[in-house]
Amino acid sequence: MLTRSIFCLLLFFFLMNGSLFSQNQGAEVLDSAQTIGKVKDSVRKHDPRIATRRSAILPGWGQAYNKQYWKIPLAYGIIAIPVGTFIYNNNVYKKMKFAYEARYKEAQGDPSDVPLIDPQLEGLSIDNLINYRNAYRRDRDYSVLFFLLAWGFQVLDATVFAHLKQFDVSNNLSMQMRPQLDPITRNTGFTLSFQLKGKSNRTAEAR
């Protein structure tokens, strides 16, 4: 009897607590209805396609559309790295190529271009010039690939965060605890109900 009385008291407590929780939540929703409506209206106006197109045209433009201005220097930073490596590798590649051609012409009996070789490359043999020329050409080509990847990354970043702005992050998470009676086993228990409110209502229950 004592156990049943305690159980009834606990059941009454949880029922009252759930009812008060629902009433408070309803009052809060009514008080903030206009604010949430304005937020949802502003979210609907944010088009991820615009962020994608702007980032594809100009780095950082999509981030500016998302109002993430602090990402604009990062967008230019990740693009500036492959640009710098391309310029450096291309310049060294041209020097290596010219030096190789001058040494090749010298071997054929025409040393006219040898004095024009960069002083830092004068001590290199033809074989070394070929290896270095090929290595810097490969690195230059990789720089173009990294440039395209960096450009695509900032476009992807703008697109993803533009989509995330469409999610409703308001306080629409509710939890309710309900008593439950199994008609077959006649066992009693409680059910935890989680509900996310938004464009579609989803309810998950844990028993």
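Our subject in this report is the structure included herewith. Source: prediction; values computed, not measured.

### Here we look at the packing of helix α5 (residues 72-107) against helix α6 (residues 126-164)
- For the pair α5 and α6, the least separation of the axes is 8 Å and the interaxial angle reads 160°. Compared by their axis directions, α5 and α6 come out roughly antiparallel. Here α5 runs over α6; the crossing is left-handed.
- Class assignment of the residues belonging to the contact of α5 with α6 gives a composition of 24 nonpolar, five polar and six charged.

### Things to note about a nonpolar patch on the surface
- Taken together, V83, F86, I87, V144 and L148 make up a surface patch of nonpolar side chains, about 400 Å² in accessible area.
- Counting only elements with at least two residues in the nonpolar patch, the list comes to α5 and α6.
- Ranked by residue count, the leading element in the nonpolar patch is α5, at three residues.
- Among the secondary structure elements, V144 is positioned in helix α6.

### A few points about the nonpolar core
- If you look at the biggest cluster of nonpolar residues, it comprises eleven residues: V92, Y93, M96, A99, Y100, A102, V114, I117, L121, L129 and Y136.
- Mapped by element, the contributors of at least two residues to this core are α5 and α6.
- Counting residues per element, this core draws most heavily on α5, which supplies six residues.
- The residues contacting Y93, other than those within four sequence positions of it, are R133, Y136, R137 and R140.

About the cut-offs
Residues numbered from 1 in each chain as written. Predicted model: local features only at pLDDT ≥ 70, side-chain atom pairs only at ≥ 80, totals over all residues. Heavy atoms only, no water. Axes fitted to C-alpha atoms, helices over the stretch in contact; angles between N-to-C directions. Helix = DSSP H or I, 4+ residues; strand = E, 2+ residues; numbered from the N terminus. Parallel < 35°, antiparallel > 145°, perpendicular 65-115°, else oblique. Left-handed = near helix turned anticlockwise from the far one by under 90°. Nonpolar A, V, L, I, M, F, W, Y, C, P; charged D, E, K, R; others polar. Patch = residues over 30% accessible without salt bridge, like charges linked within 9 Å, V, L, I, M, F, W, Y side chains within 5 Å. Areas by Shrake-Rupley, 256 points an atom, 1.4 Å probe, with all protein chains shown as cover. Salt bridge = Lys/Arg side-chain N within 4 Å of Asp/Glu carboxyl O. Core = buried A, V, L, I, M, F, W, Y, C linked by side-chain atoms within 4.5 Å. Buried < 20%, exposed > 50% of the residue type's maximum accessible area, 1.4 Å probe, protein only. Contact = heavy atoms within 4.5 Å.

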